[in-house]
Amino acid sequence: MAEIKISGETRSEFGKGAARRARRAGLVPAVIYGHGAEPKHANLPGHELLLALRTKNVLINIDIDGKSELVIPKAVQRDAIKGFLKHVDLLTVVRGEKVTVEIQVLTEGELAPGGNLLENVLNALPVEAEATHIPESVTVSIEGLEAGASILAKDIPLPQGTTLAVDEDTVVLQILAAQAEAPEEGEAAENGAESTEA
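Residues numbered from 1 in each chain as written. Predicted model: local features only at pLDDT ≥ 70, side-chain atom pairs only at ≥ 80, totals over all residues. Heavy atoms only, no water.

Draft legend 1. Representation of the sheet that holds strand E9 (residues 124-130) within the structure. Within the open sheet, the four strands sit side by side as E10-E7-E9-E12. Their pairing is mixed. Each edge of the open sheet carries a strand with a single partner, namely strand E10 (137-141) and strand E12 (163-164). (Pairing = 2+ DSSP bridges. Helix = DSSP H or I, 4+ residues; strand = E, 2+ residues; numbered from the N terminus.)

Pasting the structure below:
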């Protein structure tokens with residue numbers, strides 16, 4: 001996994017007003033915590049941080065006041081309408097240590113013919129991986145699967161050094177039969193309602 005370097009500054013002002021001023025200056029308020037240390041408050045460059053966060057579970061090397069720390073994003077708050085970053089929580093990690101993260105499950109192949117539907121029971125797969133080797137995603141084949149089939153956590157091939165952080169029999173994906181629409185029933189109910197009102 002690529003390591004992204006970002007330089008920030010210690011944040012000494014707190015509260016909504018300070019956060020708004022920081023965002024106007026193109027900075028994002030952040031909290032860095034972990035390993036039993038006191039949480040550190042920082043302002044990070046918004047554009048660089050936004051680019052870095054495009055990669056899920058990105059490893060960031062943050063330099064604040066000449067001291068660098070490796071972190072991964074733990075919580076990201078965005079503006080609901082405009083989508084800009086409002087605040088981030090970052091977890092300190094150490095090279096060689098294992099961390100629990102959620103990774104995206106991608107699928108390849110085509111389901112069996114017949115209008116079957118693929119349901120993501122889990123939106124992301126919880127795994128444990130070395131902090132500097134977190135996989136971005138895993139891919140599983142759904143080729144030829146029919147309604148009623150399911151893919152369990154243990155069926156998903158994981159990169160070397162990555163282990164499941166969820167019960168191996170947890171259903172991750174399942175194939176559903178397409179539901180036949182029955183508009184006649186709905187229309188009959190509506191007609192019935194109309195005739196009762198009359």
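Next comes the rest of the account.
Draft legend 2. Main features of the environment of Ala 75. As for its position among the elements, Ala 75 is in strand E5 (residues 67-78). Considering only alpha carbons, one finds Ala 75 and Val 31, 44 residues apart in sequence, at a separation of 9.9 Å. Setting aside its immediate chain neighbours within four residues, Ala 75 contacts His 87, Val 88 and Asp 89. (Contact = heavy atoms within 4.5 Å.)

Draft legend 3. How the structure looks around the pairing of E9. Where burial is concerned, most of E9 is hidden: six out of the seven residues are buried. Both strand E7 (residues 98-108) and E9 contribute to a ladder of seven bridges, which runs antiparallel. Bridging across to E9, Thr 100 finds its partner in Glu 128. Here two bridges tie E9 to E12, and the two strands are oriented antiparallel to one another. Residue pairing across strands places Glu 128 opposite Thr 163, the latter belonging to E12. (Buried < 20%, exposed > 50% of the residue type's maximum accessible area, 1.4 Å probe, protein only.)

Draft legend 4. Summary view of the pairing of E10. Side chains Val 138 and Val 140 of E10 all project onto a buried face; the interleaved residues Ser 137, Thr 139 and Ser 141 project onto a face where none is buried. Pairing geometry for E7 and E10, over five bridges, is parallel. Note that in E10 the partner of Val 105 across the bridge is Val 138.

Draft legend 5. Focus on the sheet that holds strand E11 (residues 150-152). The sheet built from three strands is open, its strands ordered E8-E13-E11 with antiparallel pairing. One side of each edge strand has no neighbouring strand; the edge strands of this open sheet are strand E8 (117-120) and E11. Across the sheet, the mean angle separating the axes of adjacent strands is 15 degrees when strand polarity is ignored. As paired strands, E11 and strand E13 (residues 171-176) are joined by three bridges and run antiparallel to one another. Paired with Ile 151 across the two strands is Leu 173, which belongs to E13. (Axes fitted to C-alpha atoms, helices over the stretch in contact; angles between N-to-C directions.)

Draft legend 6. Seen up close, the environment of Val 101. Within the secondary structure, Val 101 is located in strand E7. In this structure the C-alpha to C-alpha distance between Val 101 and Leu 125, which are 24 residues apart in sequence, comes to 8.2 Å. Setting aside chain neighbours within four positions, we find Val 101 in contact with Asn 57, Ile 72, Leu 125, Pro 126, Val 127 and Ile 134.

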